[in-house]
Amino acid sequence: MRVLAAMSGGVDSAVAAARAVDAGHDVVGVHLALSRMPGTLRTGSRGCCTVEDSNDAWRACDKLGIPYYVWDFSERFKEDVVQDFIDEYAAGRTPNPCMRCNERIKFAALLEKAVALGFDAVCTGHYAKVVDDGNGNMELHRAADWAKDQSYVLGVLTHEQLRHSMFPLADTPSKAEVRAEAERRGLSVAKKPDSHDICFIPDGDTSGWLAEKIQMTTGDIVDESGAKVGEHPGANAFTVGQRRGLKLGTPAADGKPRFVLEIRPKENKVVVGPQALLAIDEIRGIKLSWAGEPIPQALPGVPVGSEGEPAVSETFDCYAQVRAHGDPVPARARVEMTDDGGGGLRSELLVTLIEPLRGVSPGQTVVLYQGTRVLGQATIDAARSLARPAL
């Protein structure tokens, strides 16, 4: 096949490209320039889109003997990932920029361009697996190494995108083996530290970065009863589950730390309370998509109740995961067709958790699994505890 290898400049993408070459594919390497700041350099192990990374990607391609190109996706990245990140925080939600980057850049903009140029697949260093179910339907599954599994951030991929996706590291038992292989191949990135945090905030100071992008207005911090217990410099700088940085003047009655329970941007208030109130067992998600063909139970059937009432799918058993490296918990889910406010219908995902989760915030992504298979994902619109009234 003609394969376009997305070269981040890290060890994973370099070894993935090498394996694609070994498999006999016609491989071309491409590095995505996602920033218009050519002087940007890596800070420690933060980031993944720096000048240093571009040079490392070039050296890997040179060693593998494959062509190397740099594609400028900076404007698309700025609009679809960075601006989305800002807008979500401004609305009091907690976004996942890596999920948006995979959805809108690596497997939308990049894949679209690759297919248009005649490539059969895009190869990346993600730890995940694409499986044919035997009927020509592609499924997304967890990687062999669950500690490095990245299927969560790939949960946004559609059936058509999975058909053109290649993940050569899927069955690799550990990251140590990938590094050892890179060493044997003479790749200079063999011992390069893993990138982490948000690539466009290289110093890791998300609050400080947001303060320059969003107008912050001081407001009240209130407890679960509505009583004022402090002030904040800007509600948008906080996220559900946060403990540090509250600087409360009024101690809790039990003397224990308070956590952010809710952000109300319209009122410019931050609601805090005991850790126990962070536990939620119901999630409602929007912007639902399936990673491959949806299971039959998840397809809304005939309208229920009175004629014309929105359709509801069967309830199905699954596991729900709300963070890239979080533990999946048993759950039951169903799809509802609800009024979109404009005279049409939209799909919403209702997930009831058998085991409660803590610190779940609107804007995060819930990904559903059955076994190792990724069923699909939705953006969390609301999360609550069935055992207590709304705050």
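This text goes with the structure placed above it.
Heads up: these notes are all about the structure in this document.

Attention shifts here to the state of the cysteines. Simply put, disulfide is the name for a covalent bond between the sulfur atoms of two cysteines. Per the stated rule, a full pass over the model turns up zero disulfides. The thiol of C101 is unpaired, and the distance to the nearest cysteine sulfur, on C199, comes to 6.4 Å. For C101, a relative accessible area of 9% gives the class buried. Residue C123 stays outside any disulfide, its sulfur separated by 11 Å from that of C61, the closest cysteine.

Right, let's talk about the sheet that holds strand 2 (residues 26-33) for a bit. The five strands lie next to each other as 3-2-1-4-7, forming an open sheet whose pairing is parallel. Bordering the open sheet on either side are strand 3 (68-72) and strand 7 (165-166), each of which pairs with just one other strand. Seen against the sheet, helix 2 (residues 51-64) touches strand 2 and strand 3 and runs at an angle of roughly 150° to strand 3. Contacts from helix 4 (residues 97-116) reach strand 1 (2-6), strand 2, strand 3, strand 4 (121-123) and strand 7 within the one sheet, and its direction differs from that of strand 2 by about 130°.

On to the side chain of E282. Topologically, E282 is positioned in strand 12 (residues 279-290). At 2.9 Å, the side chain of E282 forms a polar contact with the side chain of R384. Residues contacting E282, with those up to four places away along its chain left out, are L350, V351, A382, A383, R384 and L386.

Now for the environment of M99. On the secondary structure map, M99 appears in helix 4. Residue M99 is classed as buried on the basis of its relative accessible area of 0%. Each C-alpha atom of the pair M99 and Y152 lies 8.4 Å from the other, and the pair is 53 residues apart in sequence.

Let us now look at the sheet that holds strand 11 (residues 269-273). Taken in spatial order, the four strands make up an open sheet running 9-8-11-10, and their pairing is mixed. Looking at the sheet topology across the chains shown, the edges are occupied by strand 9 (228-232) and strand 10 (259-264). Strand-to-strand twist in this sheet, taken as the mean axis angle between neighbours without regard to direction, amounts to 30°. In this sheet, strand 9 lies alongside strand 8 (residues 219-222) in antiparallel orientation, the contact comprising four bridges. Within strand 9, the position partnered with D220 by the bridge is E231.

Now for the packing of helix 1 (residues 11-22) against helix 6 (residues 175-184). Where helix 1 contacts helix 6, the two axes come as close as 10 Å, and the packing angle between them is 65°. With respect to helix 6, the element helix 1 is oriented roughly perpendicular. The two elements helix 1 and helix 6 meet at a crossing, and its hand is left-handed. Across the interface between the two elements, V11, D12, V15 and R19 from helix 1 touch K175, V178, R179, E181 and A182 from helix 6. Among the residues making up the contact of helix 1 with helix 6, the classes are represented as four nonpolar, no polar and five charged.

Moving on, we come to the packing of aromatic side chains. All told, the structure shown has seven aromatic pairs when counted by the stated rule. Both rings, one in F77 and one in F200, keep their centres 5.9 Å apart while their planes meet at 70°; by these two values the pair is edge-to-face. With F77 in helix 3 (residues 74-90) and F200 in the loop between helix 6 and helix 7 (206-211), this pair connects stretches of sequence that are 123 residues apart. Here F77 and F200 have matching classes, each one buried.

Scoring rules and cut-offs
- Residues numbered from 1 in each chain as written.
- Predicted model: local features only at pLDDT ≥ 70, side-chain atom pairs only at ≥ 80, totals over all residues.
- Heavy atoms only, no water.
- Disulfide = S-S within 2.5 Å.
- Buried < 20%, exposed > 50% of the residue type's maximum accessible area, 1.4 Å probe, protein only.
- Pairing = 2+ DSSP bridges.
- Helix = DSSP H or I, 4+ residues; strand = E, 2+ residues; numbered from the N terminus.
- Contact = heavy atoms within 4.5 Å.
- Axes fitted to C-alpha atoms, helices over the stretch in contact; angles between N-to-C directions.
- Polar contact = N/O pair within 3.5 Å; in protein donor to acceptor, adjacent residues only side chain to side chain.
- Parallel < 35°, antiparallel > 145°, perpendicular 65-115°, else oblique.
- Left-handed = near helix turned anticlockwise from the far one by under 90°.
- Nonpolar A, V, L, I, M, F, W, Y, C, P; charged D, E, K, R; others polar.
- Phe/Tyr/Trp six-rings, centres within 6.5 Å; stacked < 30°, edge-to-face > 60°.

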